[in-house]
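Summary of structural features
Below are the chains, spelled out letter by letter.
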Amino acid sequence: MKNFLYELKLSYHRTSDKPNIGYIKSSKDAFTLLQTIFDPDLIEAREEFVILYLNRRNAVIGYYKAFQGGVSSVVADPKLILTTALKTLASGVILAHNHPSGLLDPSTPDLNITRRIQEACKQLDIELLDHLIINGDGKYYSFADEGNL
């Protein structure tokens, strides 16, 4: 029986010929963009987890609606977040999820997943720039602004 070794190939394709989405210079910039990504009809119904991927100049490469949860929680898998970061050659990521309750304070699981993803990012030389919690009232909490990164 012969042993087979499969060659893996990496490809990178944009889904649009349009110029980049914009540059993120602050948590407010990220929040403004994220408001266009989260579904306003569902933001108070279930939790979603979205990741923005950025290049070295903090230009947005794209976003990934990675995970959906229930009314009170969503599970985020760091492997899937970072797999996409590597595939897109991202230098930075911004995490975001919503709280259907409207409360913006991070929960213990929110703090824990942020730390786990931050540690994993460091190993791959990818910067975790922020983690935003947003609500349906047009408000947000920034981990970076509050010193939690």
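You'll find the structure just up there.
Each chain has its residues counted from 1, following the order in which its sequence is written. In view of the model being predicted, local features appear only for residues whose pLDDT reaches at least 70, and side-chain atom pairs are presented and counted only at 80 or more, with totals across whole chains, interfaces and linings using the full set of residues. Computation of side-chain values covers all heavy atoms of the structure but excludes hydrogens and water.

Focus on the overall build of the protein chain
Regarding its fold elements, the protein chain presents 3 helices and 5 strands. For helices the rule is a DSSP run of H or I covering at least 4 residues; for strands it is a run of E covering at least 2, with both sets numbered from the N terminus onward. Scanning the protein chain from its N terminus toward the C terminus, one meets helices and strands in the order α-β-β-α-β-α-β-β. When the 149 residues of the protein chain are sorted by exposure, 40% land in the buried category. Within the protein chain, residue pairs in contact and separated by at least 24 positions form 66% of the contacts whose partners lie at least 6 positions apart. For the accessible areas, the method is Shrake-Rupley and the probe is 1.4 Å, while residue cover comes only from the protein chains on display. Surface exposure of the protein chain reaches about 9,500 Å², of which carbon and sulfur atoms provide 51%. Only protein chains enter the calculation, and the probe is 1.4 Å; a residue is then buried if its accessible area is under 20% of its type maximum, exposed if over 50%, and partly exposed in between. Residues count as neighbours in contact if any of their non-hydrogen atoms are within 4.5 Å of one another.

Brief notes about the sheet that holds strand S5 (residues 140–142)
Here a strand pair is declared whenever DSSP counts at least two bridges between the two strands. Spatial ordering of the open sheet is given by S2-S1-S3-S4-S5, a layout of 5 strands whose pairing is mixed. Strands at the two margins of the open sheet, each flanked by one partner only, are strand S2 (60–68) and S5. Recorded for the sheet is a direction-independent mean angle of 20° between the axes of neighbouring strands. Helix H2 (residues 78–87) contacts strand S1 (48–54), S2 and strand S3 (92–98) of the sheet and is inclined by roughly 25° relative to S1. Axis definition: a line fitted to C-alpha atoms, over the contacting stretch in the case of helices. Angles run 0 to 180 degrees between N-to-C directions.

Some details on the pairing of S1
Most of S1 sits out of view: 7 of its 7 residues are buried. By the alternation rule, side chains of S1 split into Glu48, Val50, Leu52 and Leu54 and Phe49, Ile51 and Tyr53, which are all buried. Pairing geometry for S1 and S2, over 7 bridges, is antiparallel. Of the residues in S2, the one forming a bridge with Phe49 is Phe67. In the sheet, S1 pairs with S3 via 6 bridges, with the strands oriented antiparallel.

Examining the packing of aromatic side chains
The criterion for an aromatic pair is that two Phe, Tyr or Trp rings (for Trp, the six-membered ring) have centres within 6.5 Å, with stacked assigned to planes under 30 degrees apart, edge-to-face to planes over 60 apart and tilted to the rest. Applying the stated criterion to the full structure yields 2 aromatic pairs. Judged by centre distance (4.6 Å) and plane angle (25°), the ring pair of Phe31 and Tyr140 falls under stacked. Pair noted here: Phe31 is in helix H1 (residues 27–37) and Tyr140 is in strand S5, with a separation of 109 residues, a long-range link. Residue class for Tyr140 comes out partly exposed when judged on its relative accessible area of 24%. Ring geometry for Tyr141 against Phe143: centres 5.4 Å apart, planes inclined by 85°, an arrangement best described as edge-to-face.

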